[in-house]
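Analysis of the macromolecular model
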Amino acid sequence: MSPLSREFTANPYRPWPARITSIMDLTENEKLFEMRIIDDSVREAFQFASGQFVELSLFGVGEAPISISSAPSKQGFIELCVRNAGDVTGALHKKQCGDIVGLRGPFGRGFPFKEMKGHDMLLVAGGLGIAPLKSLINHIHDDRHDFGKVTILYGAKNPSEILFRYQFDMWKHRDDFELILTVDEPDDTWGDEVGRVTRLFDMIDIDPTNTYGAICGPPVMYRFVIDEMRKKGMDADKIYVSFERRMKCGIGKCGHCGVGHQYACIDGPVFNYWEAMNLQEAI
Amino acid sequence: MFFRIMDKDRLPDLVAGLSKGFEVIGPVAKGERFVFERIETPEMLRLDYDTTLLPPKKLFFPPEEQMMRFRVADNEVVDDEVYAAPRVIFGLHPCDINALMLMDNVFLGEYEDPYYRARRESTMLIGVSCKPTDECFCNAWGTDEVHWGFDVFLTDLGDRYFISVRSVKGAELLDEFVATRDADESDTAAFQQHTRNFKNSFTDDLDTSQLPLLLDAKFDDPLWDRLGERCLSCGACSMVCPTCYCFDVTDRLEADGKTGTRVRTWDSCQFTQFAEVAHGQNFRESRASRVKYRYYHKQWGYLSKFERVLCVGCGRCARACLAGISPREVVTALEMGGAS
Ligand SMILES: Cc1cc2nc3c(=O)[nH]c(=O)nc-3n(C[C@H](O)[C@H](O)[C@H](O)COP(=O)(O)OP(=O)(O)OC[C@H]3O[C@@H](n4cnc5c(N)ncnc54)[C@H](O)[C@@H]3O)c2cc1C
Ligand code: SF4
Ligand code: SF4
Ligand code: FES
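Nothing here was measured: the structure is a model prediction, and the numbers come from that model.

The tendency in soluble globular proteins is for nonpolar side chains to be buried as a group. By size, the foremost hydrophobic cluster in this structure holds 144 residues, and its most contacted members are Leu 123 and Leu 136 of chain A together with Leu 18 and Phe 90 of chain B. In this structure, Trp 141, Trp 224, Leu 227 and Val 291 of chain B belong to the second largest nonpolar core, which totals 23 residues.

Residues and elements named next belong to chain B. Taken domain by domain, chain B consists of domain 1 (2–61 + 74–200) and domain 2 (211–335). One C-alpha centre belongs to domain 1, the other to domain 2, and the line joining them spans 27 Å. Where domain 1 abuts domain 2, roughly 2600 Å² becomes buried across the two surfaces, and 62% of that area is made up of carbon and sulfur atoms. The largest share of the area that domain 1 buries against domain 2 comes from Phe 61, Leu 102 and Trp 141, three residues that together contribute 27% of it. Residue Arg 316 pairs with Asp 96 through a salt bridge whose shortest N-O separation is 2.8 Å. For the interface between domain 1 and domain 2, the tally reads 15 residue pairs in polar contact (both at pLDDT 80 or more). It is helix H2 (residues 94–107) that provides the largest number of residues to the side of domain 1 that touches domain 2, a total of 9 residues.

Turning next to H2 of chain B. The end-to-end C-alpha separation of H2 of chain B is 20 Å, in line with the 20 Å expected for 14 residues at 1.5 Å each. For H2 of chain B, the tally of buried residues reaches 13 of 14 residues, placing the bulk of the element in the interior.

With 54 residues of chain B in contact, the opposing surface of chain A contributes 47 residues. Interface area for chain B against chain A, summed over the two sides, is near 4400 Å², with a carbon-plus-sulfur share of 55%. Among the residues of chain B in contact with chain A, Asn 75, Tyr 111 and Phe 283 of chain B are the three that bury the most area, contributing 16% of the side total. Connecting chain B to chain A are 4 salt bridges. Two residues, Glu 63 of chain A and Arg 262 of chain B, come together in a salt bridge whose shortest N-O distance is 3.3 Å. For the interface between chain B and chain A, the tally reads 24 residue pairs in polar contact (both at pLDDT 80 or more).

A word on the packing of aromatic side chains. Per the stated rule, a full pass over the model turns up 31 aromatic pairs over all chains. Their ring planes at 55 degrees and their centres at 6.1 Å tell us that Phe 46 of chain A and Phe 48 of chain A sit as a pair that is tilted. For the pair Phe 46 of chain A and Phe 48 of chain A, a shared accessibility class is recorded, and that class is buried. Taking the centre distance of 5.3 Å and the plane angle of 75 degrees together, the rings of Phe 198 of chain B and Phe 202 of chain B count as edge-to-face. An aromatic cluster is built from Tyr 13 of chain A together with Phe 60, Phe 61, Phe 107, Tyr 115, Tyr 116, Tyr 245, Phe 247 and Trp 266 of chain B, whose rings are joined through pairwise contacts. One residue, Lys 57 of chain B, lies across the ring of Trp 266 of chain B, its end atom 4.4 Å from the ring centre. The side chain of Arg 284 of chain B reaches across the aromatic face of Tyr 293 of chain B, ending 3.7 Å from its centre.

The rules behind the values
Residues numbered from 1 in each chain as written. Chains lettered and ligands numbered in written order. Predicted model: local features only at pLDDT ≥ 70, side-chain atom pairs only at ≥ 80, totals over all residues. Heavy atoms only, no water. Core = buried A, V, L, I, M, F, W, Y, C linked by side-chain atoms within 4.5 Å. Buried < 20%, exposed > 50% of the residue type's maximum accessible area, 1.4 Å probe, protein only. Domains from an automatic or database assignment. Buried area = accessible area lost by both parts, 1.4 Å probe. Salt bridge = Lys/Arg side-chain N within 4 Å of Asp/Glu carboxyl O. Polar contact = N/O pair within 3.5 Å; in protein donor to acceptor, adjacent residues only side chain to side chain. Helix = DSSP H or I, 4+ residues; strand = E, 2+ residues; numbered from the N terminus. Expected span 1.5 Å × (residues − 1). Contact = heavy atoms within 4.5 Å. Phe/Tyr/Trp six-rings, centres within 6.5 Å; stacked < 30°, edge-to-face > 60°. Lys NZ or Arg CZ within 6 Å of the ring centre and 35° of its normal.

This is the structure we're talking about:
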């Protein structure tokens, strides 16, 4: 038997070695990892859109799909905000700065940044849903003059689960971003809002004809947030949602990520809400 | 396409000839049933088979296969070469050839799958005509015919084969290994008669005219709950299906813990954990939702991308199902108004 010829780059299942160049503890269960693909030409060719994801590969344990948290405007590295939820993510949490992991991607459809440009933005995140939205928020930040009013609503269960609090605490005082944080279960340190993220809609003022919406959070959150956006008068086709589904390949083959008649990995994970309304069991 | 005629008693010559340069695989008897296996001697080849337990997909997308070998210390791939010997699969029915073409759309489309591709490229396909069994409903999808996707196709005319030659390689093989002659008028007439008889031998014409519209319209039909109550979630339907391609990926460490292999194995949307994500959220927790998804994806999800249904009517899933669930029953129930 002879091996058939195959280009080195031709195997979409083969992860690229990447080095962890920084690790930051965000909460008890979440860490922010900065990673650099080791191969120069691959690293330089790695272009992505906010909302896209990578398959993080730890040989011996497995792979997990993780959204890219850093902005496409920052090149040469990516940031992944990862919750310790099981085998792969748990093993990643044990890694040290300088350790080597594997990355495949970027995969999927992200947020339509070009289309969103020139408009107001309303970004709503629940819990870990801030991970992909953080990329979009930072991208908008780096391109701030191209956007109108930018409103960010972010809710978590309790104050210790608010991610990127160091950055958001600073942003609360900026007048080019309206940022409102809320938690279900406040503690003594909490000076922001209390209750579900949907409650915050009473506090904001948006121009529905000129605003794009982006939502990412736990599955139960979507319907309620979309209802609020629709009540504000926003069009269904100006709202974008990002879905989490089980994924084993990221490239439309393994079948695990089916949502309605589509696959979240290649047709999403970011979907236009108008399209998502036509996906059975999506929301 | 051009046509050749081969006398039936020449078949062993062809098989023996092919065996010199290729691994020859074909239907062989296993108890009462048939399986695709290596043909060691020409007599093993049973072109009179009805269907096989597992479809030929196992030869391109094995139940379990190594994707790559890795080293843990530096997270590096040691080897991801695909080894594929030159093969001939002898005796595929039209449904199974059509099924491979449906698989090609997935594995050879965007993000080409190198494992599937290597096996596909190293394999020649020889088709053979068939007789419909009670479970077959390929005629409902038009997959009882095959126009391309094979190298040569043998139509059984009793004492001789009417051979459709599709590829250059197929023509070369015939030239090299077996005596054939041009088809004359009487051969063509016999071929037409055969085709007519074949088409008439389907006793049942499954009505699929309202699919896939009904799958969305009847998404909440009680039919799905009734099927869910019967289904055992065993996944047999997916395993035996020539068009089901879902898989799982796992890493296996060697005893030393330093190296290992990443393998993929057949998976099924009928298994409970198939759509489960972290924190116990499961997007298809109920059996009813999983049975429904199998049909929804085959008759609408796949179709929305590739304009074909992901079923060739081979009937294998109906034969394999201990609960007696069959596409014919499901499609009929949908078309008839949900009453099963
Ligand atoms: C597009 C996308 C983006 C994501 N972005 C992030 C992110 O930015 N940060 C983050 O922390 N998490 C993210 N996730 C979730 C993350 O992929 C899962 O938490 C992770 O796969 C769990 O794997 P594990 O090996 O650690 O857990 P396991 O030990 O495998 O299992 C723990 C639980 O996770 C479920 N699970 C297993 N494999 C998968 C899988 N492939 N996909 C989803 N669930 C799975 C299991 O059903 C089980 O309930 C994202 C998921 C998707 C689909
Ligand atoms: S073979 Fe039958 S019982 Fe088993 S999962 Fe398929 S439909 Fe359900
Ligand atoms: S769904 Fe059933 S009848 Fe259709 S191709 Fe698969 S096994 Fe054959
Ligand atoms: S993750 Fe494999 S098909 Fe989407």
